Amino acid sequence: MTTRVRLAGLALPFVAAVAWLGPSAGAQQNPFLGRWNLTGTGTNAAAVYWLEITEEGGQLGGTFLNRGGSPNKLAAARVENGELVFQGAPRRAGPGPEGRARLQGDKLSGTITNGATTVAFVGARPPRWPPADANARHTFGTPVDLIDGKSMDAWTLVRPEYPWTIADGLATNTPPGSNLISTQKFLDYRIHAEYRLDNGSHSGIYWRGRYEMQVLGDMGRPVDQISHMSVYGRIAPLVNASKPDHEWNTMDGVIVANKITVTLNGQKVHDNTTLDAITGNALDANELEPGPIMVVGNDGKIWYRRLTVTPITDARR
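Keep in mind that what you see is a predicted model, and the values were worked out from it rather than measured. (Residues numbered from 1 in each chain as written. Predicted model: local features only at pLDDT ≥ 70, side-chain atom pairs only at ≥ 80, totals over all residues. Heavy atoms only, no water.)

A.B. asks: So what's going on with the overall build of the chain? Residues and values would help.
C.D. replies: The helix and strand tally for the chain stands at 1 helix and 24 strands. In terms of its C-alpha atoms, the chain occupies a principal-axis envelope of roughly 85 × 50 × 40 Å. Out of the 317 residues in the chain, the part that is buried amounts to 44%. Taking as baseline every contact in the chain between residues at least 6 positions apart, the subset at least 24 positions apart corresponds to 56%. Accessible surface computed for the chain: about 15,600 Å², of which carbon and sulfur atoms make up 50%. (Helix = DSSP H or I, 4+ residues; strand = E, 2+ residues; numbered from the N terminus. Buried < 20%, exposed > 50% of the residue type's maximum accessible area, 1.4 Å probe, protein only. Contact = heavy atoms within 4.5 Å. Areas by Shrake-Rupley, 256 points an atom, 1.4 Å probe, with all protein chains shown as cover.)

A.B. asks: Describe the sheet that holds strand β16 (residues 180-186), with residues and values.
C.D. replies: The strand order across the open sheet formed by 5 strands is β13-β16-β23-β18-β19, and the pairing between neighbours is antiparallel. The open sheet terminates on both sides in strands that have one partner only, identified here as β13 (155-157) and β19 (211-216). The average angle at which neighbouring strand axes cross in this sheet is 25°, direction not considered. (Pairing = 2+ DSSP bridges. Axes fitted to C-alpha atoms, helices over the stretch in contact; angles between N-to-C directions.)

A.B. asks: Would you mind going over the pairing of strand β11 (residues 117-124) in detail, with residue names and values included?
C.D. replies: Residues in a regular strand point their side chains to alternate faces of the sheet. Sheet analysis places strand β3 (residues 34-40) next to β11, joined by 4 bridges and oriented antiparallel. Looking at the pairing, Leu38 lines up with Gly123 of β11. Where strand β10 (residues 107-114) folds back on β11, the antiparallel hairpin that results is connected by 2 residues, among which Gly115 adopts a positive phi of roughly 60°.

Dropping the structure here:
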């Protein structure tokens, strides 16, 4: 038998009356909870961070991406007089960075202090992505050869004093090296890359300049969040498909919205995987916009003989 209650002359089932009485518990939750893309302001506009605030048992916690590297658990988080205060993971040299932020409408406004350096930032919620499927059949446009063994005209250098050169049809960096950023920006596309690594070297290929696919010589090792073709610091590949150092690796991938499918040396390592957040050293956090390809070139000697991007013309209009 359904219990009924009477409110202001209305007879309602008990469960409906409870809902009618007021906002849900979720609507009362801490407004700082959830994920935030943080972008520096003014002269620090290139500083991009990522923050997630969680609550369990009444205790705040979370995860912080301090620009580079992998996201790490917060050492502490609290709200004081309407201000969010959080402490990043400790570093060898001392305490981790401290962040302070207040809500301004649907944005965060605050600062992050690392030692003697303080960066002002504005935080926004990550975007709501449209439905997408990287495995769907798509219509492709004209391929763009970013590395073709002939020139490096399609790129700018983060550190021009360390140029990339072409020799014997191969593009190679000059250690200690510089990252490459394509002059052209892309949204949804297919990508093909062929590369090899010197002993112990690393590289990386960034989708839209925001999500790094790790390039690493790790043949035979168990997979984790920093393996070859991981979404760096976040998502492990399905299998280890690496070749030995000095042998050529071939990567083929598709990105549509926040979905990727990737094969490495003929083995599927991501199958319509969701890119749920930016990775370390992202160029910006404008996730819905086209972005460049970035190739990491400052972690040892590497060679690329091909990198081609073919835009998808029917994915998002």
